[in-house]
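# Structural overview
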Amino acid sequence: FVSNLAWELELAIFLKYCSNETLSSEYREKVRSLRFNLQDPKNPMLCTRVVSGQLEISDLIVMSTDALASKQLKQIRQQVVQDAIKNVVISPGSNEVSSSSGITSELAKKIRIESMKKSNATSTATTKKTSSAPHDS
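Residues numbered from 1 in each chain as written. Predicted model: local features only at pLDDT ≥ 70, side-chain atom pairs only at ≥ 80, totals over all residues. Heavy atoms only, no water.

Our focus in this paragraph is the overall build of the protein chain. Counting its secondary structure elements, the protein chain contains 7 helices and 2 strands. Helices (α) and strands (β) of the protein chain occur, in sequence order from the N terminus, as α-α-α-α-α-α-β-β-α. Burial statistics for the protein chain: of 137 residues in total, 21% are counted as buried. In the protein chain, 42% of the contacts between residues at least 6 apart in sequence involve partners at least 24 apart. (Helix = DSSP H or I, 4+ residues; strand = E, 2+ residues; numbered from the N terminus. Buried < 20%, exposed > 50% of the residue type's maximum accessible area, 1.4 Å probe, protein only. Contact = heavy atoms within 4.5 Å.)

What follows is the structure in structure tokens.
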């Protein structure tokens, strides 16, 4: 049964990621990713879902590496993103974002927007606090 499933998986990946019977880099990356994730002892549920039929091969082959990852690996990745957010430097009045963590430009935009919201909220709160404070006369 499992060998038939493996053949079906291989065929599905081949049909999805190969053209003119040439193995693309996408094909190789997908095979490596699936092999790693399906054999990962920290991620037994992925293999169980595939073997039991809960996760169809057609769905499996289009899943992102994040979706395939174990809970532990997802938590590690989330922590890396959180650390990256803390290490982002935004120059005032600039659209430049620098980071030693290599975050994506899309994430950088989100960080910039959140940073501006926090900055505006802080300055608004400070203004309200200053204007409502009793003045010494």
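On to the pattern of salt bridges. The final tally for this structure, using the stated rule, is 1 salt bridge. Among the salt bridges present, the one from Asp66 reaches Arg77, with a minimum N-O distance of 2.8 Å. One end of the pair, Asp66, is in helix 5 (residues 65-68); the other, Arg77, is in helix 6 (residues 71-86), with 11 residues separating them in the sequence. Take Asp66: its relative accessible area is 46%, and that puts it in the partly exposed class. Accessibility expressed as a relative area gives 31% for Arg77, which makes it partly exposed. (Salt bridge = Lys/Arg side-chain N within 4 Å of Asp/Glu carboxyl O.)

For the rest of this paragraph, the subject is the packing of aromatic side chains. Here the structure, examined in full by the defined rule, presents 1 aromatic pair. A centroid spacing of 6.4 Å and a plane angle of 85 degrees characterise the contact between Phe14 and Tyr27, whose relative ring orientation is edge-to-face. With Phe14 in helix 1 (residues 2-17) and Tyr27 in helix 2 (residues 25-39), the pair connects residues that are 13 residues apart, well separated along the chain. By relative accessible area, which is 27% here, Phe14 ends up partly exposed. For Tyr27, a relative accessible area of 9% gives the class buried. (Phe/Tyr/Trp six-rings, centres within 6.5 Å; stacked < 30°, edge-to-face > 60°.)

Okay, the nonpolar core next. Core analysis: the largest hydrophobic core is formed by 16 residues, its most contacted members being Leu9, Ile13, Leu34, Leu38 and Leu60. Those elements that provide at least two residues to this core are helix 1, helix 2, helix 3 (44-52) and helix 4 (57-60). Take this core: its biggest share by element is 4 residues, from helix 1. Every residue in contact with Leu9, bar those within four places of it in the chain, is listed here: Leu34, Leu38, Ile57, Leu60 and Ile61. (Core = buried A, V, L, I, M, F, W, Y, C linked by side-chain atoms within 4.5 Å.)

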